[in-house]
Amino acid sequence: MERIIGAAQLRVVIQRVSRARVRVDGKVVGAIGRGLVVLVGFAAGDSEAQMKWMADKLWGLRVFADGEARMNRSASDVGAALLIVSQFTLYGDASRGRRPSFAGAARPEAARALYDRFVKLCRAGGEVAEGEFGAMMEVELTNDGPVTLQLER
């Protein structure tokens, strides 16, 4: 698939973790053991096809060690979980001035629908926990590696 400059791009940052949790107002709203923390940001034009591709990619991405300590196993292979956290700041543009612009991010109403659909698509692959859309969250995690990747589609 050819990338079109200026086209909407579903953005994620993933971190391989040994454990992670999200708190809102001091209460844990989502937690996992071994797995991937998925910070996800949406643009207004993000599509079902992009979200499906990303969900499949997250479950199939080989970032877990095999018996020879090589990243050769996926979250699905090792029974890992995903912790999905909405993060519109992935669309922050700080190239001008001192305050980031978030003009590239989907508006909250549209982003909420995209987020809910994305979580549903991810749940089809295995265990998924999540943060709370639109809330001020504290994300606590223990990196495993560390392994951190950015993906766009």
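Calculation notes
Residues numbered from 1 in each chain as written. Predicted model: local features only at pLDDT ≥ 70, side-chain atom pairs only at ≥ 80, totals over all residues. Heavy atoms only, no water. Core = buried A, V, L, I, M, F, W, Y, C linked by side-chain atoms within 4.5 Å. Buried < 20%, exposed > 50% of the residue type's maximum accessible area, 1.4 Å probe, protein only. Helix = DSSP H or I, 4+ residues; strand = E, 2+ residues; numbered from the N terminus. Contact = heavy atoms within 4.5 Å. Expected span 1.5 Å × (residues − 1). Arc of directions from axis to C-beta. Phe/Tyr/Trp six-rings, centres within 6.5 Å; stacked < 30°, edge-to-face > 60°. Pairing = 2+ DSSP bridges. Axes fitted to C-alpha atoms, helices over the stretch in contact; angles between N-to-C directions. Parallel < 35°, antiparallel > 145°, perpendicular 65-115°, else oblique. Left-handed = near helix turned anticlockwise from the far one by under 90°. Nonpolar A, V, L, I, M, F, W, Y, C, P; charged D, E, K, R; others polar. Salt bridge = Lys/Arg side-chain N within 4 Å of Asp/Glu carboxyl O.

### Some thoughts on the nonpolar core
General note: in soluble globular proteins, nonpolar side chains tend to be found buried as a group. Counting 31 residues, the largest nonpolar core has Val-38, Phe-42, Leu-58, Leu-82, Ile-84, Phe-118 and Cys-122 as the members making the most contacts within it. Sorting the residues of this core by element identifies β1 (11–24), β3 (35–41), α1 (48–60), β4 (62–65), α2 (75–78), β6 (81–86), α3 (108–123) and β8 (138–152) as the ones contributing at least two each. Sorting elements by how many residues they give to this core places α3 first, with seven residues. The next biggest cluster of nonpolar side chains, apart from the first, holds 13 residues, and it includes Val-13, Val-22, Val-37 and Leu-39.

### Remarks on the environment of Val-147
Along the polypeptide, Val-147 turns up in strand β8. For Val-147, a relative accessible area of 12% corresponds to the buried category. With 32 residues separating them in the primary sequence, Val-147 and Tyr-115 have C-alpha atoms 24 Å apart. If we skip the residues at most four places from it in the chain, Val-147 touches Ile-14, Gln-15, Arg-16, Val-63 and Met-71.

### Some details on α1
Between its terminal C-alpha atoms α1 stretches 18 Å, which fits the 18 Å expected from 13 residues at 1.5 Å a residue. What α1 keeps buried is the set Gln-50, Met-51, Met-54, Ala-55, Leu-58 and Trp-59. With its buried residues spanning 160 degrees around the axis, α1 presents them on a single face.

### Here we look at the packing of aromatic side chains
Summed over the entire model, instances satisfying the criterion amount to three aromatic pairs. Ring centres of Phe-42 and Phe-118 lie 6.1 Å apart, and the angle between their planes is 75 degrees; this geometry places the pair in the edge-to-face category. With Phe-42 in the loop between β3 and α1 and Phe-118 in helix α3, the pair connects residues that are 76 residues apart, well separated along the chain. As far as burial versus exposure is concerned, Phe-42 and Phe-118 are alike and both buried.

### Let's talk about the pairing of β3
Counting buried positions over the seven residues of β3 gives seven, a clear majority of the element. In this sheet, β3 lies alongside β1 in antiparallel orientation, the contact comprising seven bridges. Of the residues in β3, the one forming a bridge with Arg-11 is Gly-41.

### Quick look at the packing of α1 against α3
At a minimum axis distance of 9 Å, the contact between α1 and α3 shows a crossing angle of 40 degrees. In terms of orientation, α1 and α3 fall into the oblique class. When you trace α1 past α3, the crossing you get is right-handed. Packed against α1, whose contacting residues are Glu-48, Met-51, Lys-52, Met-54, Ala-55, Leu-58 and Trp-59, the element α3 presents Leu-114, Arg-117, Phe-118, Leu-121 and Cys-122 at the interface. In terms of residue class, the contact of α1 with α3 is built from nine nonpolar, no polar and three charged.

### Details of α3
With 16 residues, α3 should reach 22 Å at 1.5 Å per residue; the first-to-last C-alpha distance of 22 Å fits that figure. Listing the buried residues of α3 in full gives Ala-111, Leu-114, Tyr-115, Phe-118, Val-119, Leu-121 and Cys-122. Along the long axis of α3, the arc covered by the buried residues comes to 160 degrees, so they all point the same way. Exposed positions of α3 whose direction lies more than 90 degrees from the buried face are Glu-109 and Lys-120. Against the buried residues of α3 lie β3, α1, β6 and β7 (128–130).

### As for the pattern of salt bridges
Counted according to the given criterion, the structure contains eight salt bridges. Between Glu-140 and Arg-21 there is a salt bridge; the shortest N-O distance is 3.2 Å. Linking Glu-140 in strand β8 with Arg-21 in strand β1, this pair joins segments that are 119 residues apart in sequence. A relative accessible area of 37% means that Glu-140 is categorised as partly exposed. Judged by relative accessible area, Arg-21 falls into the partly exposed class, the value being 30%. Across the pair Lys-52 and Asp-56 runs a salt bridge, and its minimum N-O distance is 3.0 Å. Pair noted here: Lys-52 and Asp-56 are both in helix α1, with a separation of four residues, about one helical turn. The exposure class of Lys-52 is partly exposed, given its relative accessible area of 41%.

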